[in-house]
Amino acid sequence: DVRNFLPSWIIEYGFIKYGDKSRCGLCSEVIVSRTSSIKRHFETNHKEISELNITERKEVISQRLKVIENQSNLLCKFVKTSNNVTEASFEISHLIAKHSKPFCEGEFLKTVMLKAAPSLFQDFNNKDKILQRIQELQLSRNTVERILKMTVNISDQLQSDINNCDFFSICLDETTDIKSSARLEIFARFSNGNEMREELLKLANIPERTRAPNMTGASIGFVKLFEKHVGHPIIGFHCIIHQQMLCSKVDTSDLKELLSRAISLERFVNCLDEIRLFLHDNKTEFKELYNTEWLAKLMFFTDLTLHLNTLNKKLQGREKTIEVMFGFIKGFEIKIDMFINDVKSGKFLYFPKVKKMLGEVR
């Protein structure tokens, strides 16, 4: 007796290989791969076929096996089609979640595709198959379940990648949503082979806006509390792209207020003449808008915030290594010395709005 599957069993007894065992193509029973067991099963359970002559027996077995093969091919084709449709549904679900659209948008998208497809694929020979595939798309509100499954899978992959890397860093940034509620963004940056990756770990709600002491406080700042939690020292880098923090040593509330509203400040300066005219027409007067010293400070702060905004843009974005960011910071420190010399010389080459305002006054 043999325990390895023999090809001769296919046509003699109607058995096919099934893993390390054999499966009867006539009744689907699985038994061990042994000649005596297979022969006994065939002669006992399929006696009417075993009593036929060799030619008739082979013909009956061949027909039965052909039916099984056709059913198997049909099943494989169905599974492949089903997998393609499911994959397409996941892709659409991912886009719906990525763009923060309502989950019912899936049904709307399917309706749109079914409406447009007949005209779009009018000259395609397989137009009916295309329409059938679109019809099979599963885009009901249950899309939520798919998105949750995708989220779990992505989270598992991200956790695995972070666990396998040698070093990683986290970045905390405060933002606000459309309702002006404070949110905390937690990013991780790590290497995955030769690729540097930056991924969002969590977007958490926080009760109120944070300030510098919340991060760097000696006793209850986040950095200190986090060191206690992980049980070892960490290397902290604090707010290198926050404009107001670059001037945090200056005890001037007006300065911080202006720097925190850089875009509005620039727009105000660009529309200064129109603002004066508007106020004049409405018989309202602000003496500061005509005060040379006040205007000089305004133009200086505007030019300075433009330089800081340029630095911000360089520091922001994905795939920025600490070496590159550190280079931008050191370069800006050198520029500060140039700014100081420029102001002392009275040339104002790096402060065009100041230069223009002084030129108009003179």
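Looking at an unreviewed UniProt entry, the protein chain carries the name Zinc finger BED domain-containing protein 5-like, with the source organism given as Sipha flava.

S.K.: When you look at the sheet that holds strand β5 (residues 182–192) in this model, what are you seeing that I'm missing?
M.R.: Sheet strands associate in pairs through backbone hydrogen bonding, adopting either a parallel or an antiparallel arrangement. Spatially, β4-β5-β6 is the arrangement adopted by the three strands of the open sheet, whose pairing is antiparallel. Looking at the sheet topology across the chains shown, the edges are occupied by β4 (168–176) and β6 (195–205). When the angles between neighbouring strand axes are averaged without regard to direction, this sheet yields 25°. Bridge count between β5 and β6: ten bridges; the pairing is antiparallel. By the bridge assignment for β6, L184 is matched with A204.

S.K.: What is the right way to look at the state of the cysteines in this model?
M.R.: Covalently bonding the sulfur atom of one cysteine to the sulfur atom of another cysteine gives a disulfide. The full count for this structure, using the stated rule, is zero disulfides. Looking at C27, it has no disulfide partner, and the nearest cysteine sulfur is the one in C24, 3.6 Å off. Given the relative accessible area of 35%, C27 is considered partly exposed.

S.K.: Would you mind showing me how to read helix α5 (residues 105–120) here?
M.R.: In an α-helix, one turn spans 3.6 residues; hence positions three or four apart end up facing the same way. Relative to the 22 Å expected for 16 residues at 1.5 Å per residue, α5 spans 21 Å between its end C-alpha atoms, a close match to the ideal helical length. Within the span of α5, buried status applies to G106, K110 and A117.

S.K.: Looking at this structure, I do not really get the packing of aromatic side chains. What am I missing?
M.R.: Note on aromatic pairs: each is described by the distance of the centres and the angle between the planes. For the coordinates displayed, the defined rule picks out seven aromatic pairs. Arranged with centres 5.2 Å apart and planes meeting at 20°, the rings of F300 and F351 form a pair that is stacked. Of this pair, F300 sits in helix α14 (residues 292–315) while F351 sits in the loop between α15 (322–345) and α16 (352–361), and the two are 51 residues apart along the sequence. The exposure class of F351 is buried, given its relative accessible area of 1%. A connected cluster of aromatic rings, assembled from ring pairs, spans F300, F301, F332, F339, Y350 and F351.

S.K.: Explain the pairing of strand β2 (residues 21–24) to me, please; I cannot follow it from the model alone.
M.R.: Regular strands have side chains that alternate between both faces of the sheet. Residues S22 and C24 point to one face of β2 and are all buried, whereas K21 and R23, pointing to the other face, are not buried. Bridge count for strand β1 (residues 15–18) against β2 is four bridges, and the pairing is antiparallel. Bridge pairing in β2 places I16 opposite R23. The loop that links β1 with its antiparallel partner β2 comprises two residues; one of these, G19, has a positive phi angle of about 65°. Relative to strand β3 (residues 30–31), β2 runs antiparallel, the two sharing two bridges.

S.K.: Could you clarify how one ought to interpret the sheet that holds β2 in this entry?
M.R.: A sheet is described by the order of its strands in space; here three strands give the open sequence β1-β2-β3, paired in antiparallel fashion. Of all the strands in the sheet, the pair left with one neighbour each is β1 and β3.

S.K.: Which parts of the structure should I look at to understand the nonpolar core?
M.R.: In summary, soluble globular proteins display a tendency toward joint burial of nonpolar side chains. Within the largest apolar cluster, 22 residues are counted, with the highest numbers of intra-cluster contacts made by M299 and V354. Put simply, the parts of the chain that give this core at least two residues each are α12 (262–270), α13 (272–281), α14, α15 and α16. With eight residues, the top contributor of residues to this core is α14. Sequence-distant contacts of M299, that is, excluding residues within four places in its chain, are made with V269, L272, K353, V354 and M357.

S.K.: How do you make sense of the packing of α14 against α15 when you look at a structure like this?
M.R.: Each pair of packed helices can be summarised by the angle the axes make with each other and by the distance between the axes. Two elements in contact, α14 and α15, have axes separated by 10 Å at closest approach and are oriented at 165°. In terms of orientation, α14 lies roughly antiparallel with respect to α15. Considering how the two elements wind past one another, α14 and α15 form a crossing that is right-handed. Residues F300, H307, L308, L311, K314 and L315 of α14 form the contact with α15, whose own contacting residues are M325, F328, I329, F332, K335, F339 and V343. Its residues placed into classes, the contact of α14 with α15 shows ten nonpolar, one polar and two charged.

S.K.: Is there a simple way to think about the packing of α5 against helix α6 (residues 127–136) in this case?
M.R.: Interaxial distance between α5 and α6 falls to 10 Å at its minimum, and their mutual angle equals 175°. Taken together, α5 and α6 sit at an angle that is classed as roughly antiparallel. Packed against α5, whose contacting residues are K110, M113, L114, A117 and P118, the element α6 presents K127, L131, I134 and Q135 at the interface. Its residues assigned to classes, the contact of α5 with α6 shows six nonpolar, one polar and two charged.

S.K.: I would appreciate a short explanation of the environment of K347 in the present structure.
M.R.: Position of K347 relative to the elements: it lies in the loop between α15 and α16. The residues contacting K347, other than those within four sequence positions of it, are D342 and K355.

S.K.: What exactly am I supposed to notice about the pattern of salt bridges here?
M.R.: Once their charged atoms are close, side chains differing in charge can pair, the charge on each being opposite to the other. Tallied over the full model, the rule gives six salt bridges. In this structure, the salt-bridge partner of R197 is E199, at a minimum N-O distance of 3.2 Å. With a relative accessible area of 17%, R197 lands in the buried category. When the shortest N-O distance is used, the salt bridge between K297 and E293 registers 3.9 Å. Highlighted residues: K297 and E293, both in helix α14, separated by four residues, approximately one helical turn. The class of E293 is exposed, set by a relative accessible area of 55%. Shared partners join several salt bridges into a network, and the residues in it are D161, R197 and E199.

What counts and how
- Residues numbered from 1 in each chain as written.
- Predicted model: local features only at pLDDT ≥ 70, side-chain atom pairs only at ≥ 80, totals over all residues.
- Heavy atoms only, no water.
- Pairing = 2+ DSSP bridges.
- Helix = DSSP H or I, 4+ residues; strand = E, 2+ residues; numbered from the N terminus.
- Axes fitted to C-alpha atoms, helices over the stretch in contact; angles between N-to-C directions.
- Disulfide = S-S within 2.5 Å.
- Buried < 20%, exposed > 50% of the residue type's maximum accessible area, 1.4 Å probe, protein only.
- Expected span 1.5 Å × (residues − 1).
- Phe/Tyr/Trp six-rings, centres within 6.5 Å; stacked < 30°, edge-to-face > 60°.
- Core = buried A, V, L, I, M, F, W, Y, C linked by side-chain atoms within 4.5 Å.
- Contact = heavy atoms within 4.5 Å.
- Parallel < 35°, antiparallel > 145°, perpendicular 65-115°, else oblique.
- Left-handed = near helix turned anticlockwise from the far one by under 90°.
- Nonpolar A, V, L, I, M, F, W, Y, C, P; charged D, E, K, R; others polar.
- Salt bridge = Lys/Arg side-chain N within 4 Å of Asp/Glu carboxyl O.

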